[in-house]
Amino acid sequence: VQTCALPILDEGHQADEDQQVAEEIEQIYHFRNPLYNTEIWFVALGSEGSAHDGTKAFLADHADELRGAMIIEVESLGVGELCLADNEGRLLPTPASSRAKRYTRTASAATGIMPGTVDLAGSDSAASLLQAAGYQTMHLLGVEDGAPALKGSADDVLENVDDLLFDDNVNFLMELLKK
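Here's a quick rundown of the structure. Counting starts from 1 at the beginning of each chain's written sequence and moves along it residue by residue. The model is predicted, so local features are restricted to residues of pLDDT at least 70 and side-chain atom pairs to those at 80 or more, both for listing and for counting; the totals for chains, interfaces and linings are taken over all residues. In computing side-chain values, all of the structure's heavy atoms are included and hydrogens and water are not.

1. Observations concerning the environment of G116
- Every helix listed is a DSSP run of H or I at least four residues long, and every strand listed is a run of E at least two residues long, numbered separately from the N terminus. Counting through the fold element by element, G116 comes out in strand β4 (residues 116-121).
- The class of G116 is buried, set by a relative accessible area of 17%.
- Sequence-wise, G116 and E81 are 35 residues apart; in three dimensions their C-alpha atoms are separated by 7.5 Å.
- Look past the residues within four positions of G116 in its chain and what remains in contact with it is E81, L82, C83 and L84. Throughout, exposure labels follow a simple rule: accessible area from a 1.4 Å probe, protein chains only, divided by the maximum for the residue type, with under 20% read as buried, over 50% as exposed, and the rest as partly exposed. Note on definitions: a residue-residue contact is assigned when non-hydrogen atoms from the two residues lie within 4.5 Å.

Set out below in structure tokens:
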């Protein structure tokens, strides 16, 4: 168990910070730009176990809003080799869509980063669960020894994240989002 000490802020500073956050949220809600026509959601599903309760709850709340969307699961971006899951799912393994592969190639051409592929047949992820429900998905992840890097291990800690690798992989992801 790790603990950390949080600084005690005076109430005036907290009120200023709360006001700043409220203004930033307001700007997000009113963002309009003719150059951008795609809505992007960043969703943290929480600690996903084998039951994938976070994914199921998200889908139950937002299924209608997700029709036609490309859903990208990211995992372990700061460790291992960046890969696209090309075959995943426990019961009926499904290959990555041609759309996902095309977007990956386009982002690779722009960044010079070429993700590998990994076969995750026999295991489910949020992406495979959503894909089985009929959604377009892709799963980008850091891989070591053919599996998601450090997933579920005691070594899955902040100190093991390679900052430069993480930055490179986030830049790739940002380029992917532009496409």
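2. A look at helix α3 (residues 98-111)
- Between its first and last C-alpha, α3 extends 20 Å over 14 residues, near the 20 Å set by a 1.5 Å rise per residue.
- Among all positions of α3, only A100, Y103, T104, A107 and S108 are buried. For α3, the angular spread of buried residues about the axis comes to 140°, placing them on one side. When the buried face of α3 is taken as reference, the exposed residues oriented beyond 90 degrees from it are S98 and A109.
- Within two residues after α3, G112 carries a phi angle of roughly 80°, on the positive side. In this scheme, a helix's expected span is set at 1.5 Å multiplied by one less than its residue total. This arc describes the spread of directions from the helix axis toward the C-beta atoms.

3. Quick notes on a negative patch on the surface
- Patch construction takes residues with relative accessible area above 30% that form no salt bridge. Like charges are linked within 9 Å, and nonpolar side chains (Val, Leu, Ile, Met, Phe, Trp, Tyr) are linked within 5 Å. Each accessible area is a Shrake-Rupley estimate made with a 1.4 Å probe; only the visible protein chains count as cover when residues are assessed. Salt-bridge detection follows one rule: a side-chain nitrogen of Lys or Arg within 4 Å of a carboxyl oxygen of Asp or Glu. Neither His nor the chain ends contribute to the count of charged residues, in which Lys and Arg are positive and Asp and Glu negative. Charge placement uses NZ in Lys and CZ in Arg. For Asp and Glu, CG and CD serve respectively. Residues D162, D163, D167 and D168 make up a contiguous surface patch of negative charge.
- Structurally, D162 is set in the loop between β6 (147-148) and α5 (163-178).

4. A short note on α5
- When the terminal C-alpha atoms of α5 are compared, their 23 Å separation across 16 residues agrees well with the 22 Å that a helix rising 1.5 Å per residue should span.
- For α5, the set of buried residues is N169, F172, L173, E175 and L176. Looking down the long axis of α5, one finds its buried residues gathered within 160° of arc, a one-sided arrangement. Those residues of α5 that are exposed and aimed more than 90 degrees away from the buried face are D163, L164 and K178.
- As for α5, its buried residues are in contact with β1 (70-75), β2 (81-89), α3 and β5 (136-144).
- One side-chain oxygen at the N-terminal end of α5 lies 3.0 Å from the backbone nitrogen of L164; it belongs to D162. Whenever two N or O atoms come within 3.5 Å, that pair is a polar contact, provided that in protein one can donate a hydrogen and the other can accept it, and provided that, for residues adjacent in sequence, both atoms are side-chain atoms.

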